[in-house]
Amino acid sequence: YYLYDENGNLKNEITNGQFVAGDIDKIDTTDRTLDFEGYGREADMNPYYSQLYKINFDGSDMERLTPENATHNISASEEGNYFVDNYSRVDQPTRSVLRNEDGNVITQLEETNISRLKEAGWQAPESFKVKAADDATDIYGVMWKPFDFDSTKTYPIITYVYPGPQVEPFPIGFSYTDETALAQLGFVVVAMGQRGGSPIRSKYYHNYGYGDLRDYPLKDNKYGLEQLAARHSFIDLDKVGIYGHSGGGFMSTAALLSHPNFYDVAVSSAGNHDNNIYNLWWSEIHHGVKGVEQKVEADSTSNDSVKTEIKFESEIESNIDLAQNLKGHLLLVHGAIDNNVHPANTIKLANALIENGKMFDFMMLPGQRHGFG
């Protein structure tokens with residue numbers, strides 16, 4: 001954050017350092033202080049956890065107002081002299097407290113009651129950290145196990161995926177997720193980030209995947225699974241499943257087609273399998289497109305025999321281009337009136353698989369839009 005005068009002249013830098021400055025919660029022009037949320041400033045803390053900070057307009061005396069090692073959701077009062085803080089982790093139920101402007105807890109408001117979950121045998125998921133395929137970048141994720149988990153047994157592993165770049169596919173705070181239920185069928189289930197994912201990590205991390213929203217996350221996902229299997233003897237790396245929705249549907253199918261000897265089963269719903277027919281605000285922006293001049297024959301209404309046209313190309317292949325690589329088991333699902341990813345994305349892929357003599361499962365859901373349940 002920067003401070004400017006009323007004429008737009010820069011007076012000074014307010015925040016500085018190797019962390020991401022997030023939303024502003026309060027601007028106090030009398031005390032000349034700024035309250036804002038930040039990520040990744042504390043070396044011993046998960047960089048996805050949101051923390052609340054206060055700093056003077058001149059950049060001095062920055063302090064953290066939320067001491068708990070958790071992610072904090074802040075709601076400030078209209079005057080900014082109090083704020084409600086809901087904080088949690090995947091293994092810590094949400095607690096709500098009222099703080100004053102200095103971060104001191106005025107009163108405990110509420111804590112999530114998980115007694116019924118415990119009666120059902122609930123076990124908290126586990127956070128983990130592995131390296132990206134560059135062997136340098138930290139990748140964070142969450143692991144769910146069956147409630148009757150036995151460390152002497154081996155379990156197939158299923159990875160839930162979404163390539164970003166606006167969000168990553170694992171929870172930060174406390175929630176009861178689909179992965180919890182899936183694990184009870186006898187699987188270890190994981191979800192992790194990848195380079196090119198969440199913008200709250202860093203500009204390098206966020207921009208890494210520009211031009212290719214397929215290959216970079218799969219390299220990190222595959223390498224992350226290999227590290228987890230080397231770390232935990234209960235993971236059976238000969239039985240690897242992968243699933244996702246929308247961009248995750250695109251990514252899970254791409255995994256089966258790009259790494260057919262590693263991933264065995266994919267369930268892909270509402271996937272944008274051909275990003276050339278998707279849209280400009282996701283696939284064109286993040287895959288990148290370039291205009292290419294080409295000479296074509298002019299029509300009869302033109303005085304020129306040849307004219308120049310511009311066509312747009314993207315360097316990344318579509319899943320349709322890789323259909324011949326299918327070895328494992330694939331289930332494709334799409335809503336017939338999807339209002340985000342057109343059903344043609346999945347129908348074109350199904351057609352390519354049929355043309356290549358590949359066996360797969362296909363389910364079109366009548367009357368369902370993009371976010372079907």
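Conventions used here
- Residues numbered from 1 in each chain as written.
- Predicted model: local features only at pLDDT ≥ 70, side-chain atom pairs only at ≥ 80, totals over all residues.
- Heavy atoms only, no water.
- Helix = DSSP H or I, 4+ residues; strand = E, 2+ residues; numbered from the N terminus.
- Buried < 20%, exposed > 50% of the residue type's maximum accessible area, 1.4 Å probe, protein only.
- Contact = heavy atoms within 4.5 Å.
- Lys, Arg positive; Asp, Glu negative; His and termini not counted.
- Charge placed at Lys NZ, Arg CZ, Asp CG, Glu CD.
- Pairing = 2+ DSSP bridges.
- Patch = residues over 30% accessible without salt bridge, like charges linked within 9 Å, V, L, I, M, F, W, Y side chains within 5 Å.
- Areas by Shrake-Rupley, 256 points an atom, 1.4 Å probe, with all protein chains shown as cover.
- Salt bridge = Lys/Arg side-chain N within 4 Å of Asp/Glu carboxyl O.
- Right-handed = clockwise from strand over helix to strand, strands pointing away.

*Asks:* Explain the overall build of the protein to me, using residue names and the numbers behind them.
*Replies:* Helix and strand content of the protein: seven helices and 20 strands. Counting only C-alpha atoms and orienting by the principal axes, one finds that the protein spans roughly 70 × 70 × 45 Å. In the protein, which comprises 373 residues, the proportion classed as buried is 46%. At a minimum sequence separation of 6, the contacts of the protein that also span at least 24 residues come to 58%. Each charge sign in the protein was given a centre, from 31 positive and 54 negative side chains, and these centres are 5 Å apart.

*Asks:* Break down the sheet that holds strand β4 (residues 33-39) for me, with residues and values.
*Replies:* Taken together, the four strands give an open sheet; going across it, the order is β3-β4-β5-β6, and neighbouring strands pair in antiparallel fashion. Two strands lie at the open edges of the sheet, namely β3 (20-28) and β6 (63-64), each paired on one side alone. As paired elements, β4 and strand β5 (residues 51-56) share six bridges and run antiparallel to each other. Looking at β5, one finds that G38 is bridged to Q51.

*Asks:* Describe in detail a nonpolar patch on the surface, supporting the description with residues and values.
*Replies:* A contiguous nonpolar patch, built from Y2, Y4 and L10 and spanning about 350 Å² of accessible area, is present on the exposed surface. Here Y2 is to be found in strand β1 (residues 2-4).

*Asks:* Lay out the side chain of S50 in plain terms, naming residues and giving numbers.
*Replies:* Position of S50 among the secondary structure elements: in the loop between β4 and β5. Residue contacts for S50: discarding those within four places in its chain leaves E37, G38, Y39, A70, T71 and H72.

*Asks:* Mind laying out the pairing of strand β15 (residues 235-245), listing which residues take part and the relevant values?
*Replies:* Side-chain positions along a regular strand alternate between the two faces of the sheet. The sheet contact formed by strand β13 (residues 155-160) and β15 spans six bridges and is parallel. Note on β15: the bridge partner recorded for T159 is I242. In this structure, β15 lies alongside strand β16 (residues 265-269), joined through five bridges in parallel fashion. Considered in β16, the bridge of G244 is made with S268. A crossover connection joins β15 to the parallel β16 through helix α5 (residues 247-258); in handedness this β-α-β unit is right-handed.

*Asks:* Run through the pattern of salt bridges, naming residues and quoting values.
*Replies:* Within this structure, the stated rule accounts for 16 salt bridges. E42 is paired through a salt bridge with R41; the nearest N and O atoms lie 3.7 Å apart. Connected via shared salt-bridge partners are K26, D28 and E101.

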